[in-house]
Amino acid sequence: MADTAVRLPDPAVEARLARLDEVLAGLETTPGPALEAVRLLTEVYGEALARVLDLAEQPLRERLAEDELLGHLLVLHDIHPEPPERRAARAVEKLRPAVRERGGDLEWAGVDGRVARVRLSTGGGCGSGCGGGSADPLEAVRAAVLAVAPELESVEPVAAERRPAPAFVPLSTIKRRLPQEAR
């Protein structure tokens with residue numbers, strides 16, 4: 001039966017998630033049995049996903065976690081098999097090519113407590129959307145990291161390591177000088 005099941009394309013899933021957000025926002029203003037039903041259903045589905053992970057061998061667990069939709073559900077239910085640091089680092093690496101295309105660079109610097117740290121340098125054209133249309137590259141990085149690792153509280157930049165510019169040393173100053181007698 002799984003072979004013949006029709007899967008929703010990503011845009012259709014995104015549209016349903018957007019509509020779900022709208023419906024849930026409406027429910028939150030009207031507490032009652034409907035909101036409790038959503039909460040209970042979410043808890044049961046979370047338990048079902050946890051049992052799937054318990055039964056899955058490591059390669060399958062990794063594949064499930066790498067799927068964008070499943071990964072978000074695993075995070076939602078607090079059962080993602082990868083630590084938040086690893087998920088956040090992967091999100092930064094996914095953004096890095098876009099930042100580099102605009103003349104900047106982005107590098108994962110680790111986690112300090114519940115704060116993700118990144119090194120971000122914005123090149124000439126990076127100020128206008130290095131990561132998916134945001135006017136601020138750091139905001140794009142924050143959104144991407146916190147989407148996959150909401151356990152983290154924030155994303156902060158760290159100063160890029162400054163390397164001194166190479167000094168020009170004339171070749172004549174480093175040539176070995178021959179003794180006067182040998183000339």
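To keep things clear, this report deals only with the structure shown in the data block.

So, how was this worked out
- Residues numbered from 1 in each chain as written.
- Predicted model: local features only at pLDDT ≥ 70, side-chain atom pairs only at ≥ 80, totals over all residues.
- Heavy atoms only, no water.
- Axes fitted to C-alpha atoms, helices over the stretch in contact; angles between N-to-C directions.
- Helix = DSSP H or I, 4+ residues; strand = E, 2+ residues; numbered from the N terminus.
- Parallel < 35°, antiparallel > 145°, perpendicular 65-115°, else oblique.
- Left-handed = near helix turned anticlockwise from the far one by under 90°.
- Contact = heavy atoms within 4.5 Å.
- Nonpolar A, V, L, I, M, F, W, Y, C, P; charged D, E, K, R; others polar.
- Pairing = 2+ DSSP bridges.
- Patch = residues over 30% accessible without salt bridge, like charges linked within 9 Å, V, L, I, M, F, W, Y side chains within 5 Å.
- Areas by Shrake-Rupley, 256 points an atom, 1.4 Å probe, with all protein chains shown as cover.
- Salt bridge = Lys/Arg side-chain N within 4 Å of Asp/Glu carboxyl O.
- Buried < 20%, exposed > 50% of the residue type's maximum accessible area, 1.4 Å probe, protein only.
- Polar contact = N/O pair within 3.5 Å; in protein donor to acceptor, adjacent residues only side chain to side chain.
- Core = buried A, V, L, I, M, F, W, Y, C linked by side-chain atoms within 4.5 Å.
- Expected span 1.5 Å × (residues − 1).

## A word on the packing of helix H1 (residues 10-28) against helix H2 (residues 33-55)
Where H1 contacts H2, the two axes come as close as 9 Å, and the packing angle between them is 130°. By the angle between their axes, H1 is oblique relative to H2. Of the two possible hands of crossing, H1 and H2 adopt the one that is left-handed. Of H2, the residues touching H1 (which contributes Leu24, Leu27 and Glu28) are Ala34, Leu35 and Val38. Grouping the amino acids of the contact of H1 with H2 by side-chain chemistry returns five nonpolar, no polar and one charged.

## Digging into the sheet that holds strand E3 (residues 154-157)
As a general point, the strands of a sheet are linked pairwise by backbone hydrogen bonds and lie either parallel or antiparallel. An order of E1-E2-E3 is seen for the three strands of this open sheet, with the pairing classed as mixed. The sheet is open, and its two edges are formed by strand E1 (105-112) and E3, each paired on a single side. Going from strand to strand, the sheet's axes swing by 30° on average, the running direction of each strand aside. In this sheet, strand E2 (residues 115-121) lies alongside E1 in antiparallel orientation, the contact comprising seven bridges. If you follow Asp112 over to E2, its bridge partner there is Val115. The sheet strands contacting helix H5 (residues 84-101) are E1 and E2, and the helix crosses E1 at an angle near 165°. Along the sheet, helix H6 (residues 137-148) makes contact with E1, E2 and E3, crossing E3 at roughly 145°.

## What about unusual backbone geometry?
Negative phi characterises most residues that are not glycine, and trans characterises most peptide bonds. In this structure, Asp78 is a non-glycine residue whose phi angle is positive, near 60°. When you line up the elements, Asp78 lands in the loop between helix H4 (68-76) and H5.

## Quick notes on a nonpolar patch on the surface
Together, Leu17, Leu20, Leu69, Leu73 and Leu76 give the surface a local cluster of nonpolar side chains, amounting to about 420 Å² of exposed area. For the nonpolar patch, the elements supplying multiple residues, two or more each, are H1 and H4. Tallying contributions element by element places H4 first for the nonpolar patch, with three residues. Turning to its location among the elements, Leu17 is positioned in helix H1. On the basis of relative accessibility, which here comes to 40%, the residue Leu17 falls in the partly exposed class.

## Topic: the side chain of Glu82
Considering the arrangement of structural elements, one finds Glu82 in the loop between H4 and H5. Take Glu82: its relative accessible area is 15%, and that puts it in the buried class. For Glu82, the side chain forms a polar contact with the side chain of Arg90, separated by 2.5 Å. Non-local contacts of Glu82, meaning those with residues more than four positions away in its chain, are made with Arg87 and Arg90.

## Regarding the nonpolar core
What tends to happen in soluble globular proteins is that the nonpolar side chains get buried as a cluster. Membership of the largest hydrophobic core comes to 14 residues, with the highest contact counts inside it found for Val92, Leu106, Val118, Val141, Val145, Leu152 and Val155. Mapped by element, the contributors of at least two residues to this core are H5, E2 and H6. Looking at this core element by element, the count peaks at five residues for H5. Listed in part, the seven residues of the second largest apolar core include Leu49, Leu64, Ala65 and Ile79.

## Quick word on H6
End to end, H6 covers 17 Å across 12 residues, agreeing with the expected 16 Å (1.5 Å per residue, within 8%). Within the span of H6, buried status applies to Pro137, Leu138, Ala140, Val141, Arg142 and Val145. With a side-chain oxygen positioned 3.1 Å from the backbone nitrogen of Leu138, the residue opening H6 is Asp136.

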